[in-house]
Amino acid sequence: MAAVVRGHLARLEHCFTRALRTAIRRGEVLGSVDPASRAKGLVAVSQGLMVVGKANPDEEVLQAIVDSAFAGLS
């Protein structure tokens with residue numbers, strides 16, 4: 001099971017990295033952003049959102065988490 005979860009998280013990280021690189025190329029994200037590093041953080045945030053969302057599905061709380069995760073990208 002751990003290998004399946006690791007594989008899933010690796011795929012998410014790869015997708016986030018690719019999306020960030022595309023956004024940088026298009027000028028939608030600052031060129032100073034490190035896509036690989038930021039992708040790791042976005043994976044952690046996405047997983048945390050699922051947990052927090054179940055415990056406290058308050059939209060303001062979840063939006064604050066998302067806003068924080070995307071701060072500094074543009």
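As shown above, the structure is provided for reference.
J.: Quick question: what am I supposed to make of a nonpolar patch on the surface here?
T.: Residues M1, V4 and V5 make up a contiguous nonpolar surface patch of roughly 340 Å² in combined accessible area. If you trace the backbone, M1 turns up in the segment before α1 (2-25). According to the relative accessible area criterion, M1 is exposed, its value standing at 78%.

J.: Got a minute to help me understand the pattern of salt bridges in this structure?
T.: A side chain of one charge can pair with a side chain of the opposite charge when the charged atoms of the two come close. For the structure on display, the rule yields 1 salt bridge. The shortest N-O distance in the salt bridge between K40 and E13 comes to 2.6 Å. Residue K40 is located in helix α2 (residues 35-55), and its partner E13 is located in helix α1; the two are separated by 27 residues in the primary sequence. Judged by its relative accessible area of 46%, K40 is partly exposed. Given a relative accessible area of 24%, E13 falls into the partly exposed group.

Reading the values: rules and limits
- Residues numbered from 1 in each chain as written.
- Predicted model: local features only at pLDDT ≥ 70, side-chain atom pairs only at ≥ 80, totals over all residues.
- Heavy atoms only, no water.
- Patch = residues over 30% accessible without salt bridge, like charges linked within 9 Å, V, L, I, M, F, W, Y side chains within 5 Å.
- Areas by Shrake-Rupley, 256 points an atom, 1.4 Å probe, with all protein chains shown as cover.
- Salt bridge = Lys/Arg side-chain N within 4 Å of Asp/Glu carboxyl O.
- Helix = DSSP H or I, 4+ residues; strand = E, 2+ residues; numbered from the N terminus.
- Buried < 20%, exposed > 50% of the residue type's maximum accessible area, 1.4 Å probe, protein only.

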